[in-house]
Amino acid sequence: MTAYIIRRLLFLVFVLFGVSVLIFGLLMTFSPERRAAVYVTTPQQAKDIPRLVEQYGLNDPVPVQYTRWVKEVASGNLGWSLVAARPVAKAFWSYFPTTLELNLFASPLVIIVGIWLGTLAGVHRDTWLDHGTRIGAIVGWSLPTFLFALVLLMIFYGYFGLFPPGIISSDTSLWVINNPDKFTRYTGMYSIDGLLNGQLWVTWDSLNHLVLPVLTQVIVVVALLMRVMRSGMLEELSRDYVITAKAKGADAHTINIKHARKNALIPVITVAGQLVALSMEGSIAVEVVFSRQGMGWWLAHSATQLDMPVLMSVCMFIGVVFVLSNLIIDIMYAYIDPRIQLQ
């Protein structure tokens, strides 16, 4: 298995090369003058676009520009983000913890609830429980995320004053800024840093702001996972080994949970891994509606303002996440089903 993992990690280099060429090629479809606009920071510079084109070599052949960009990235310079008004690498570490914090709470709930509801629906096929979960899955999956988020925000925060938007309250933010000796940003996630600093009220305030974003993420995403789990359970429960187990007198719990559910998990792991990897780029709707400036918020604003260094860097990051998530999925395949050999 070690050789397999090393081979997959080496494969990562080729994936990143392919992603970088694809994204860079798409950006080259814009004219040099349009790409020069991203370097404009003052009205005087806007009047001298040709000088910017010459200064940044935007008329050079594409391979020359690509090579120049790769050299800068290899030296650790990912460029300057116009949206964040700071270097891309520094901006990344300020936005990513917000997205990671949301996913740390949402992803386990999505997986656990999806497997649990899918198992129940498959075991109790064509009952009120099955019909109820299927209707919920269809509604959850077809409902636009931003609409569902707005409804939750209107009901809980608008009418009841509960679970405010944002990352933390303004009072907590002011206290953190004014007391750097009492609160250290170890991870950039207030819920975790509050525990590490012994300031539980900061953690509580952060969790209070996470309830609605996590609830939105879970309800919208869990629908797909539940349907995959239900389909897998129905397929496994109809196989010969289940009929044989029933004929030998095995109890329902052993058949459903120990045998059928375990075998039905393989497609669920595939979907869950892809969903978790995809969520690392941030949910634009959730972060915009709930005023959480994470990767989704950053990526959306960068796309509208053609912040090329950010787009290139985030796409490369997503490529790394997907390769690593697929590697973890393959390893889990072998763990769940010993018949699968990784070579």
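Fair warning: this is a prediction, and the values are worked out from it, not measured in the lab.

1. Quick look at the overall build of the protein chain
Moving on, step 1. Of the regular secondary structure elements, the protein chain holds 16 helices and 2 strands.
Moving on, step 2. Its C-alpha atoms give the protein chain principal-axis dimensions of about 80 × 55 × 40 Å.
Moving on, step 3. Every one of the 343 residues in the protein chain was classed for burial, and the buried ones make up 42%.
Moving on, step 4. Of all intrachain contacts in the protein chain linking residues separated by at least 6 positions in sequence, the fraction that spans at least 24 positions is 71%.
Moving on, step 5. On the protein chain, roughly 18,600 Å² of surface is accessible, and the fraction owed to carbon and sulfur atoms is 67%.

2. Regarding the nonpolar core
Moving on, step 1. If you look at the biggest cluster of nonpolar residues, it comprises 35 residues, and the most contacted ones within it are Met 229 and Phe 290.
Moving on, step 2. Broken down by secondary-structure element, the contributors of at least two residues to this core are α6 (88-123), α8 (145-159), α11 (200-237), α12 (240-247), α13 (252-279), α14 (284-289) and α16 (308-336).
Moving on, step 3. No other element matches α11, which puts 11 residues into this core.
Moving on, step 4. In contact with Phe 290, other than residues within four places in its own chain, are Ala 149, Leu 153, Pro 165, Gly 166, Leu 212, Pro 213 and Thr 216.
Moving on, step 5. Of all hydrophobic cores here, the second largest spans 19 residues; its members include Val 83, Ala 91, Trp 297 and Phe 317.

3. Notes on the confidence of the model for the protein chain
Moving on, step 1. Model confidence for the protein chain is summarised by a mean pLDDT of 84, while 95% of its residues fall at 70 or above.
Moving on, step 2. Helix α3 (residues 43-46) is the least confidently modelled element of the protein chain, averaging 67 in pLDDT, while helix α10 (residues 190-196) averages 92, the highest of any element.

4. Thoughts on the packing of aromatic side chains
Moving on, step 1. Within the structure shown, the criterion is met by 13 aromatic pairs.
Moving on, step 2. Pairing Phe 92 with Phe 96 gives two aromatic rings, centres 5.2 Å apart and planes at 10 degrees, and the pair type is stacked. Of this pair, Phe 92 and Phe 96 both sit in helix α6, 4 residues apart, which is roughly one turn of the helix.
Moving on, step 3. When its relative accessible area of 12% is taken as the criterion, Phe 92 is described as buried.

5. Some details on the pattern of salt bridges
Moving on, step 1. With the rule as written, the count across this model stands at 8 salt bridges.
Moving on, step 2. In this structure, Arg 292 engages Glu 101 in a salt bridge whose closest nitrogen and oxygen atoms are separated by 3.4 Å. With Arg 292 in the loop between α14 and α15 (295-304) and Glu 101 in helix α6, this residue pair connects regions lying 191 residues apart in the sequence.
Moving on, step 3. Linking Arg 134 and Asp 130 is a salt bridge whose minimum nitrogen-to-oxygen distance equals 3.7 Å. Here Asp 130 and Arg 134 lie together in helix α7 (residues 128-142), a separation of 4 residues that amounts to about one turn.
Moving on, step 4. According to the relative accessible area criterion, Asp 130 is buried, its value standing at 0%.

6. A closer look at the packing of α8 against α11
Moving on, step 1. It is at 10 Å that the axes of α8 and α11 come closest, and there the two elements cross at 140 degrees. Our classification of the angle between α8 and α11 gives oblique. Crossing of α8 over α11 shows right-handed handedness. Residues Thr 145, Phe 148, Ala 149, Leu 152, Leu 153 and Phe 156 of α8 form the contact with α11, whose own contacting residues are Leu 212, Leu 215, Thr 216, Ile 219 and Val 220.
Moving on, step 2. When grouped by side-chain class, the residues that make up the contact of α8 with α11 number 9 nonpolar, 2 polar and no charged.

7. Quick word on the side chain of Thr 172
Moving on, step 1. Topologically, Thr 172 is positioned in helix α9 (residues 170-178).
Moving on, step 2. Beyond its immediate stretch of four places on either side in the chain, Thr 172 contacts Trp 201, Val 202 and Asp 205.

8. A word on the packing of helix α1 (residues 2-27) against helix α5 (residues 62-74)
A pair of packed helices is captured by two measures, namely the crossing angle of their axes and the spacing between those axes.
Moving on, step 1. Following both chains from N to C, one finds α1 and α5 inclined at 125 degrees, their axes separated by 11 Å at the closest point. Classified by the angle their axes make, α1 and α5 are oblique. α5 is crossed by α1, and the crossing has right-handed handedness. Two secondary-structure elements touch here, α1 through Phe 17, Ser 20, Val 21 and Phe 24 and α5 through Val 62, Gln 65, Tyr 66 and Trp 69.
Moving on, step 2. Among the residues making up the contact of α1 with α5, the classes are represented as 6 nonpolar, 2 polar and no charged.

9. Let's talk about a nonpolar patch on the surface
Moving on, step 1. Together, Phe 146, Leu 147, Leu 150, Val 151, Met 154, Ile 155, Tyr 159, Phe 160 and Leu 162 give the surface a local cluster of nonpolar side chains, amounting to about 880 Å² of exposed area.
Moving on, step 2. Structurally, Val 151 is set in helix α8.

10. Observations regarding the side chain of Thr 216
Moving on, step 1. Relative to the helices and strands, Thr 216 is located in helix α11.
Moving on, step 2. We classify Thr 216 as buried; its relative accessible area is 0%.
Moving on, step 3. Here Leu 212 takes part through its backbone oxygen, which lies 2.8 Å from a polar atom of the side chain of Thr 216.
Moving on, step 4. Apart from residues lying up to four places away in sequence, Thr 216 is in contact with Thr 145, Phe 148, Ala 149, Leu 152, Val 286 and Phe 290.

Conventions and cut-offs
- Residues numbered from 1 in each chain as written.
- Predicted model: local features only at pLDDT ≥ 70, side-chain atom pairs only at ≥ 80, totals over all residues.
- Heavy atoms only, no water.
- Helix = DSSP H or I, 4+ residues; strand = E, 2+ residues; numbered from the N terminus.
- Buried < 20%, exposed > 50% of the residue type's maximum accessible area, 1.4 Å probe, protein only.
- Contact = heavy atoms within 4.5 Å.
- Areas by Shrake-Rupley, 256 points an atom, 1.4 Å probe, with all protein chains shown as cover.
- Core = buried A, V, L, I, M, F, W, Y, C linked by side-chain atoms within 4.5 Å.
- pLDDT = per-residue confidence, 0-100.
- Phe/Tyr/Trp six-rings, centres within 6.5 Å; stacked < 30°, edge-to-face > 60°.
- Salt bridge = Lys/Arg side-chain N within 4 Å of Asp/Glu carboxyl O.
- Axes fitted to C-alpha atoms, helices over the stretch in contact; angles between N-to-C directions.
- Parallel < 35°, antiparallel > 145°, perpendicular 65-115°, else oblique.
- Left-handed = near helix turned anticlockwise from the far one by under 90°.
- Nonpolar A, V, L, I, M, F, W, Y, C, P; charged D, E, K, R; others polar.
- Patch = residues over 30% accessible without salt bridge, like charges linked within 9 Å, V, L, I, M, F, W, Y side chains within 5 Å.
- Polar contact = N/O pair within 3.5 Å; in protein donor to acceptor, adjacent residues only side chain to side chain.

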